[in-house]
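Per-entry structural report
Residues per chain are reported as follows:
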Amino acid sequence: MTSNIVSFAIVLGVLIFFHELGHFLMARVFGVGVQIFSLGFGPRLLGKTVGRTDYRISAVPLGGYVKMVGEEPDAEIPPEDIPFSFSHKKLLPRFVIVAAGPTFNLILAVLIFFGVFLYSGIFYFKPHIGGVDPDGPAARAGIRSQDTVVAIDGVAVDSWEAMSERILNSKGRPLSITIEREGETRTVDVQPSRRTVKNLFGEDSERYVIGITASGMTASKRIGIGEAVVESVGQTWKIARLTVMSVVKLIDGTLSPKTLGGPILIAEMAGQQAREGAENLIYFIAVISINLAILNFLPIPVLDGGHLLFFLIEAVTRKPLSIRTREVANQVGIFLLVLLMAFVFYNDLTRIFFETSR
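Because the structure is a prediction, the values reported are computed rather than measured.

**With respect to the sheet that holds strand β5 (residues 148-152)**
If you trace the four strands from one edge of the open sheet to the other, you get β6-β5-β7-β8, paired in antiparallel fashion. Strand pairing shows two members of the sheet lacking a second neighbour, β6 (155-156) and β8 (184-190), which therefore form its edges. Relative to β6, β5 runs antiparallel, the two being bridged by two bridges. The residue of β6 that forms the bridge with A151 is A156.

**Observations regarding the nonpolar core**
Ranked by size, the top nonpolar core spans 20 residues in total, and within it V11, L15, I112, F113, F117, I285 and I290 carry the most contacts. Those elements that place two or more of their residues in this core are α1 (2-29), α2 (91-120), α5 (225-252) and α7 (278-297). If you tally residues by element for this core, the top one is α7, at seven residues. Dropping the residues within four chain positions of it, L15 is found in contact with N105, L108, I285, I288, S289 and L292. Counting 16 residues, the second largest nonpolar core, distinct from the first, contains I129, I152, M163 and V188.

**Examining the packing of α2 against helix α8 (residues 304-317)**
Interhelical geometry of α2 versus α8 gives an angle of 160° and a closest axis separation of 9 Å. Put simply, α2 runs roughly antiparallel to α8. Along this stretch, α2 crosses α8, giving a crossing that reads as left-handed. Contact residues: L91, R94, F95, V98, A99 and P102 in α2; D304, H307, L308, F311, L312, E314 and A315 in α8. Tallied by class, residues from the contact of α2 with α8 come to nine nonpolar, one polar and three charged.

**Brief notes about the side chain of E314**
Secondary-structure assignment places E314 in helix α8. Separated by 2.9 Å, the side chains of E314 and R94 make a polar contact. E314 has contacts with L91, R94, K319 and P320, leaving out every residue within four places of it along the chain.

**Observations regarding the UniProt feature "transmembrane region" (unreviewed entry) in the protein**
The sites that carry the UniProt feature "transmembrane region" (unreviewed entry) are, in the present numbering, residues 95-119, 281-302 and 328-349. End-to-end, the C-alpha atoms of residues 281-302 are 30 Å apart, and along that stretch the chain is 77% helix and 0% strand.

**Describing the pattern of salt bridges**
Tallying each qualifying case throughout the model produces eight salt bridges. For the salt bridge of R94 with E314, the shortest nitrogen-to-oxygen distance reads 2.9 Å. Of the two residues, R94 sits in helix α2 while E314 sits in helix α8, which places them 220 residues apart along the sequence. You'll find R94 and E314 in the same group, each marked buried. Residues R324 and E327 are paired through a salt bridge, measuring 3.9 Å at the closest nitrogen-oxygen approach. Linking R324 with E327, this pair stays in helix α9 (residues 323-357), spanning three residues, or about one helical turn. For E327, a relative accessible area of 36% corresponds to the partly exposed category. Beyond isolated ion pairs, a larger network of salt bridges with shared partners links R44, D54 and R56.

**A word on the environment of S120**
As for its placement among the helices and strands, S120 is situated in helix α2. On a C-alpha basis, the gap between S120 and R222 in space is 7.1 Å, while along the polypeptide they are 102 residues apart. Excluding its chain neighbours within four sequence positions, the residues that come into contact with S120 are S220, R222 and E279.

**Thoughts on a nonpolar patch on the surface**
A cluster of nonpolar residues, V328, V332, F335, L336 and L339, forms a patch on the protein surface that exposes about 440 Å² of accessible area. By the secondary structure assignment, L336 is in helix α9. Residue classification places L336 among the partly exposed positions, given a relative accessible area of 43%.

**Notes on the confidence of the model for the protein**
Where the model shows low pLDDT, its predicted coordinates should not be examined in detail. Of the residues in the protein, 85% reach a pLDDT of 70 or more, and the chain-wide mean stands at 83. For the protein, per-element mean pLDDT is lowest for helix α6 (residues 263-276), which scores 60, and highest for α2, which scores 93.

**With respect to the packing of aromatic side chains**
Going through the model one piece at a time under the given rule, you end up with nine aromatic pairs. Geometrically, the ring pair formed by F17 and F18 is edge-to-face, given 6.1 Å between the ring centres and 80° between the ring planes. Its relative accessible area of 37% is what places F17 among the partly exposed residues. According to the relative accessible area criterion, F18 is partly exposed, its value standing at 22%. The interplanar angle of 50° and the centroid separation of 6.5 Å between the aromatic rings of F86 and F311 together place this pair among those described as tilted. A residue pair is termed long-range when its members are at least 10 positions apart, and F86 in the loop between β2 (53-68) and α2 and F311 in helix α8 qualify at 225 residues. Residue F86 shares its accessibility class with F311, and that shared class is buried. A cation sits over an aromatic face here: R52 above F84, 5.0 Å from the ring centre.

About the criteria used
- Residues numbered from 1 in each chain as written.
- Predicted model: local features only at pLDDT ≥ 70, side-chain atom pairs only at ≥ 80, totals over all residues.
- Heavy atoms only, no water.
- Pairing = 2+ DSSP bridges.
- Helix = DSSP H or I, 4+ residues; strand = E, 2+ residues; numbered from the N terminus.
- Core = buried A, V, L, I, M, F, W, Y, C linked by side-chain atoms within 4.5 Å.
- Buried < 20%, exposed > 50% of the residue type's maximum accessible area, 1.4 Å probe, protein only.
- Contact = heavy atoms within 4.5 Å.
- Axes fitted to C-alpha atoms, helices over the stretch in contact; angles between N-to-C directions.
- Parallel < 35°, antiparallel > 145°, perpendicular 65-115°, else oblique.
- Left-handed = near helix turned anticlockwise from the far one by under 90°.
- Nonpolar A, V, L, I, M, F, W, Y, C, P; charged D, E, K, R; others polar.
- Polar contact = N/O pair within 3.5 Å; in protein donor to acceptor, adjacent residues only side chain to side chain.
- UniProt positions renumbered as here; feature names shortened; annotations may be inferred.
- Salt bridge = Lys/Arg side-chain N within 4 Å of Asp/Glu carboxyl O.
- Patch = residues over 30% accessible without salt bridge, like charges linked within 9 Å, V, L, I, M, F, W, Y side chains within 5 Å.
- Areas by Shrake-Rupley, 256 points an atom, 1.4 Å probe, with all protein chains shown as cover.
- pLDDT = per-residue confidence, 0-100.
- Phe/Tyr/Trp six-rings, centres within 6.5 Å; stacked < 30°, edge-to-face > 60°.
- Lys NZ or Arg CZ within 6 Å of the ring centre and 35° of its normal.

The following block contains the structure:
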């Protein structure tokens with residue numbers, strides 16, 4: 001339990017710091033005065049004021065905020081502070097300052113993946129066969145469990161992903177598959193069959209398969225700085241894309257809302273990753289950072305995405321939304337977020353009760 005809490009605090013602290021750092025740095029770049037840089041909400045526990053900025057740690061560690069001069073459009077601003085006022089800046093600087101928070105969460109993920117890949121290399125599943133469907137094309141061709149696929153149509157494959165991609169893209173045409181068995185290689189002809197399988201979201205999809213499953217055997221390869229940059233950006237893109245797809249599937253009802261988890265689930269997962277090693281926890285931080293970025297980009301009032309939506313409307317209409325419209329929209333946004341938080345807490349508590357009652 002203690003390790004879960006400590007791990008959760010580490011994960012949340014890193015994510016909040018980088019998110020608010022994005023807002024803070026871009027505010028400084030565009031000459032906007034920052035009054036408060038806070039990790040946490042509520043009463044100030046400790047901190048230090050440097051210049052006009054109060055850097056603080058607050059009592060409720062479930063978020064953070066950067067308070068800028070003139071952030072509220074209806075606030076009274078002394079004439080000497082107008083050059084430093086957020087609401088008096090042009091549209092583009094305001095847009096960039098708000099977008100910088102979630103963008104920095106994506107940058108954090110890229111940096112973490114870059115460090116992990118450069119230090120540990122890239123892990124991948126070997127094209128080593130664990131199971132063979134007795135009624136599938138592979139079994140009919142003589143392929144067995146514990147065989148290793150080394151080439152398809154004369155092209156070497158060194159990972160399960162590369163092998164699967166060639167099978168998927170075969171469109172059902174016969175493949176010449178070279179396998180290694182007990183130190184010897186042999187080549188067999190296999191014709192993939194089209195089958196209905198469940199994808200990651202539980203949906204039925206048509207795929208060409210040969211009826212084999214992976215053994216789970218892994219390997220790693222060292223990579224240089226250039227390749228680490230490419231791989232880290234690619235990994236961030238893959239997870240971000242999957243997160244967006246998950247949100248879409250939740251909205252259209254394909255994915256059950258019961259799959260959503262809140263702070264309790266994150267704390268449990270953080271603790272589990274920490275027990276498996278620092279590298280696992282760091283990787284977990286990157287994944288959650290991407291999820292946080294996507295969540296904040298959603299066009300929901302109160303979130304960064306809601307403010308960005310207001311700015312886009314302002315760009316089209318050539319005038320900002322009225323204060324009353326923004327107030328109502330923010331109230332709706334707060335209501336939706338409270339409902340969401342209540343629901344994910346309910347999911348967490350229900351899952352805990354179910355697990356302890358088994």
